[in-house]
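# An overview of the molecular structure
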Amino acid sequence: ALSSAAATPAGEELPPGTAELVERLEGIATPQDLPQLLGVLEDDDLYGVLLSVFFLAEGMDDAYLSALLDGLPGLFARAPIKAEMAVIRIVNTFGESDDCTAIFMEMAEKSSKETREALLEVAAVIGEDLEELLPMQCQSMALLVRCVGGDATVFEA
């Protein structure tokens, strides 16, 4: 139902009860639901309905990091902007009190070849807009790319 609501064309109103559906989902979702939560994410989400799902998933800490890595190849193929956003939001924690980059990198390093390749593809897209990144983000991206065996030169320039 939330996927359908997210596909609401511009200028039309969201279906009635959309906000209530999000609230219900927030009340019942568990880490076991993460593959399904990440599986509904799409880039075409004019009204931000699926951002609520994204933030709900993101709030599940290490379970989210693991599920994100597991689902990253599919997410990047289906919703590259959401995949990029997910990685950037993790990178943004670097050096902060909620820093999850070390655990994410540890998980990424041990992930499947397909996941590591998808992570490098996401990093390549992020690297195309370096002027958008802060020095700390570049440093974190370089560490992430190197930990999965990629060339981090673009982030070190």
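In the block above lies the structure referred to throughout.
Notes on the structure in this doc start here. (Residues numbered from 1 in each chain as written. Predicted model: local features only at pLDDT ≥ 70, side-chain atom pairs only at ≥ 80, totals over all residues. Heavy atoms only, no water.)

### Topic: the packing of helix α5 (residues 61-78) against helix α7 (residues 101-109)
- Where α5 meets α7, the axes come as close as 10 Å, and the angle between the chain directions of the two elements is 35°. Where α5 crosses over α7, the two elements pack in a sense that is right-handed. Along its contact with α5, which presents D62, L65, S66, L68 and L69, the element α7 presents I103, F104, M107 and A108.
- Its residues assigned to classes, the contact of α5 with α7 comprises seven nonpolar, one polar and one charged. (Axes fitted to C-alpha atoms, helices over the stretch in contact; angles between N-to-C directions. Helix = DSSP H or I, 4+ residues; strand = E, 2+ residues; numbered from the N terminus. Left-handed = near helix turned anticlockwise from the far one by under 90°. Contact = heavy atoms within 4.5 Å. Nonpolar A, V, L, I, M, F, W, Y, C, P; charged D, E, K, R; others polar.)

### Looking at the pattern of salt bridges
- A full pass over the atoms with the stated rule returns five salt bridges.
- For the salt bridge of E58 with R89, the shortest nitrogen-to-oxygen distance reads 2.7 Å. One end of the pair, E58, is in helix α4 (residues 49-58); the other, R89, is in helix α6 (residues 80-91), with 31 residues separating them in the sequence.
- We note a salt bridge from E156 to R146, for which the minimum N-O separation is 2.1 Å. Residue E156 is located in helix α10 (residues 153-156), and its partner R146 is located in helix α9 (residues 135-147); the two are separated by 10 residues in the primary sequence.
- Residue E156 is classed as partly exposed on the basis of its relative accessible area of 47%.
- You can call R146 partly exposed: its relative accessible area is 42%. (Salt bridge = Lys/Arg side-chain N within 4 Å of Asp/Glu carboxyl O. Buried < 20%, exposed > 50% of the residue type's maximum accessible area, 1.4 Å probe, protein only.)

### Observations concerning the packing of aromatic side chains
- Going through the model one piece at a time under the given rule, you end up with two aromatic pairs.
- Summarising the aromatic geometry, the rings of F54 and F55 are spaced 5.6 Å apart at their centres and angled 70° between planes, so their arrangement reads as edge-to-face.
- The partly exposed category is assigned to F55, whose relative accessible area is 40%.
- Relative to Y64, the ring of F54 has its centre 6.3 Å away and its plane inclined at 85°; by these criteria the two rings are edge-to-face. Separated by 10 residues along the polypeptide, F54 in helix α4 and Y64 in helix α5 bring together distant segments of the chain. (Phe/Tyr/Trp six-rings, centres within 6.5 Å; stacked < 30°, edge-to-face > 60°.)

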